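Geometric and topological summary
Here is what each chain is made of, one letter per residue.
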Amino acid sequence: MEGKTLKTPVVNEQRRNFISGSISAGFLGAGIAAGLVPALAQAETGKPADRMASYTADQLERVEQVLVVPPMVPVHDQVAKGKPKVVEVRLHVEEKQIELENGTKAWVCAFNGSVPGPLIVCHQHDYVELTLVNPKTNTLAHNIDLHAATGALGGGELTLVAPGEEVTFRFKATKIGTFVYHCAPGGVMIPWHVVMGMNGAIMVLPREGLIDGDGNNLTYDKAYYIGEQDFYIPKNEQGQYKAYDTVLGSMSETLEVMKTLTPSHVVFNGVVGALTGQNAMTAKLGETVLFVHSQANRDTRPHIIGGHGDYVWNTGSFSDRPSQNLETWHIAGGSAGAALYTFKQPGLYVYVNHNLIEAIMKGAAGHIKVDGEWNDDLMTQVSKPSPIKS
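Residues numbered from 1 in each chain as written. Predicted model: local features only at pLDDT ≥ 70, side-chain atom pairs only at ≥ 80, totals over all residues. Heavy atoms only, no water.

Observations concerning the overall build of the chain
Rule in force here: The secondary structure listing takes helices from DSSP runs of H or I that are at least 4 residues long and strands from runs of E that are at least 2 residues long, numbered from the N terminus. Only protein chains enter the area calculation, which uses a 1.4 Å probe; residues under 20% of their type maximum are buried, those over 50% are exposed, and those in between are partly exposed. For this analysis, residues touch if any pair of their heavy atoms sits within 4.5 Å. Note on areas: Shrake-Rupley with a 1.4 Å probe; residue coverage comes only from the protein chains shown.
The number of helices and strands found in the chain is six helices and 21 strands. Out of the 390 residues in the chain, the part that is buried amounts to 52%. Once local pairs closer than 6 in sequence are excluded, the contacts in the chain between residues at least 24 apart make up 75%. Entry remark: accessible area of the chain is about 18600 Å², with carbon and sulfur atoms responsible for 52%.

Some details on the pattern of salt bridges
Rules: When a carboxyl oxygen of Asp or Glu lies within 4 Å of a side-chain nitrogen of Lys or Arg, that pair is called a salt bridge.
This structure, assessed with the given rule, holds 13 salt bridges. The salt bridge partner of Glu-88 is Arg-62, with a shortest N-O separation of 2.7 Å. Here Glu-88 is found in strand β2 (residues 85-101), whereas its partner Arg-62 is found in strand β1 (residues 61-64), with 26 residues between them in sequence. A relative accessible area of 40% means that Arg-62 is categorised as partly exposed. The salt bridge involving Lys-259 is made with Glu-256; its shortest N-O contact spans 3.0 Å. Residue class for Lys-259 comes out exposed when judged on its relative accessible area of 62%. Connected via shared salt-bridge partners are Arg-62, Glu-88, Glu-129 and Arg-170.

Looking at the confidence of the model for the chain
For any part of a model where pLDDT is low, the fine detail of the predicted coordinates should not be relied upon. As a reminder, the rule being used: Within a predicted model, pLDDT stands for the predictor's per-residue confidence, ranging from 0 to 100.
Per-residue confidence for the chain gives a mean pLDDT of 90; residues scoring 70 or more make up 87%. pLDDT under 50 marks residues 1-46. Its contacts with residues more than four places away, or in other chains, come to 69 contacts.

As for a nonpolar patch on the surface
Spelled out, the test is: Patch membership requires over 30% relative accessible area and the absence of a salt bridge. Like charges are linked within 9 Å, and nonpolar side chains (Val, Leu, Ile, Met, Phe, Trp, Tyr) within 5 Å.
The grouping of Leu-356, Ile-357, Ile-360 and Met-361 at the surface amounts to a nonpolar patch, some 460 Å² of accessible area in total. Relative to the elements of secondary structure, Leu-356 occurs in helix α6 (residues 356-361). Taking the relative accessible area as the measure of exposure, Leu-356 reaches 40% and is therefore partly exposed.

Section: the packing of aromatic side chains
By convention here, two paired aromatic rings are described through the distance between centres and the angle between planes. Our working definition: Within 6.5 Å between ring centres, the rings of Phe, Tyr and Trp (the latter by its six-membered ring) count as paired, and their orientation is classed by plane angle as stacked under 30 degrees, edge-to-face over 60, tilted in between. Each ring is checked for a lysine NZ or an arginine CZ that lies within 6 Å of its centre and within 35 degrees of its normal; such an atom marks a charge sitting over the ring.
Applying the stated criterion across every chain yields a total of nine aromatic pairs. Relative to Phe-343, the ring of Tyr-341 lies with its centre 4.9 Å away and its plane at 80 degrees, an arrangement referred to as edge-to-face. Residue Tyr-341 is classed as buried on the basis of its relative accessible area of 4%. A network of ring pairs unites the aromatic residues Tyr-224, Phe-268, Phe-291, Tyr-341, Phe-343, Tyr-349 and Tyr-351 as a single cluster. Positioned above the aromatic ring of Tyr-127, the side-chain terminus of Arg-170 is 5.9 Å from the ring centre.

What to know about the sheet that holds strand β9 (residues 199-205)
The strands making up a sheet associate through hydrogen bonds between their backbones, and the pairing can be parallel or antiparallel. Using the following cut-off: Between any two strands, at least two bridges found by DSSP are needed for them to pair.
Spatial ordering of the open sheet is given by β4-β9-β8-β6, a layout of four strands whose pairing is mixed. Each of the sheet's edge strands pairs with one partner strand only, and the pair in question is β4 (120-123) and β6 (145-146). Two strands pair when backbone bridges link them, and β6 and strand β8 (residues 177-182) are joined in this way by two bridges, in the antiparallel orientation. Within β8, the residue paired with Leu-146 across the bridge is Tyr-181.

Thoughts on helix α5 (residues 251-258)
This is how it is decided: The arc under discussion is defined with respect to the helix axis, by the directions toward the C-beta atoms.
Three or more residues of α5 are buried, namely Met-251, Thr-254, Leu-255, Val-257 and Met-258. Along the axis of α5, the buried positions cluster into a sector of 160 degrees, meaning they face one direction only. As for α5, its buried residues are in contact with α4 (189-195).

Notes on the side chain of Asn-134
Note the cut-off: Distance and chemistry together define a polar contact, namely a pair of N or O atoms within 3.5 Å, with one atom able to donate a hydrogen and the other to accept it when in protein, and with adjacent residues in sequence counting only for side-chain atoms on both sides.
On the secondary structure map, Asn-134 appears in strand β5 (residues 127-134). Engagement of the side chain of Asn-134 in a polar contact is seen with the backbone oxygen of Val-161, the distance being 3.0 Å. Residues contacting Asn-134, with those up to four places away along its chain left out, are Val-93, Leu-140, Ala-141, His-142, Val-161, Ala-162, Pro-163, Gly-164 and Glu-165.

What to know about unusual backbone geometry
Of note, the bond from Pro-70 into Pro-71 is cis; its omega dihedral lies within 30 degrees of zero at 15 degrees. Its place among the elements puts Pro-71 in the loop between β1 and β2. With an omega of 0 degrees, the peptide bond between Val-115 and Pro-116 qualifies as cis. Tracing the chain through its elements places Pro-116 in the loop between β3 (104-111) and β4. Even without being a glycine, His-125 presents a positive backbone phi close to 80 degrees. Mapped onto the elements, His-125 comes out in the loop between β4 and β5. What makes His-125 buried here is its relative accessible area of 10%. One non-glycine residue, Asn-325, lies in the positive phi region at around 60 degrees. Looking at where Asn-325 falls in the secondary structure, it is placed in strand β18 (residues 323-326).

The structure is reproduced here in structure tokens:
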């Protein structure tokens, strides 16, 4: 770009080697962190989307996004207003022990203290400027790989921080859809950190909002983020789940259970029953709800018992025409998907991973409480249970 100098970010070689572990570190292309695009060539097309893509970060307004604990979603515009923004977000890593259920404990590494980490929301052509904080009270080094980002291991190569450090990096949200983010410090540390809950999702909305594939706009009244998590808790000789005093003390035996590929627990939002009872998701009759669902490690199959997916982006790509009227949809491990549903009946709905073994026996189930007046035309009990008539 005329009048600009492209700079290659400096990467600490010791950190580069640590991150790569058993994977290739790759190459840093010129301009990875400069936030520059060939504005002149795109401006010649005259298309509004191209003009939006031509802005650089130093030309744009900066806004701080207030992140919230899932399943809640940050306040956001469904249709972008004005020019792209530089969206500032801050994630603190918290290493702590949690109770999965009935005294069963697990060590987690949690972005902003929650499993999953909070949903980040922006629009295409926005910049996300992310600060990762690793408090000195932690034991492990951490970083972040965002599947929405382009280059440098999704940001993992530029964000590795030891306890007592913080780092800031920026990327341009060029692809629209829902994407996973997770810690990826290298080697076996990658799957270990992921199964300790160190993952979340980012939603990059089209600037014009969601569409149905025929150019018609789709809107939602509220949104929820469900992060599905598999845990691998070792057992002792008596078949009881083990607990550990330190995060590193849990590592060796947890890795052995992980090798079996058989999780002890599969849960929504961190613990068994996290989205039930007083913590159930809610809606009103006639409301349209957007459900964003991620699984950083294993395939899953969301299903609303009593409802459907009116519009579903199971791959997470908002560039694709959404599937319609699905009973169950598939989300590949290492990705996030989205579904819209308009509730037509009140009552209690169960939101599950429709591997019902994982839903009922391992914990991957939540509730949606819907208020409103029942419609007998859609469903009614014609006769109550009674003795069989001969």
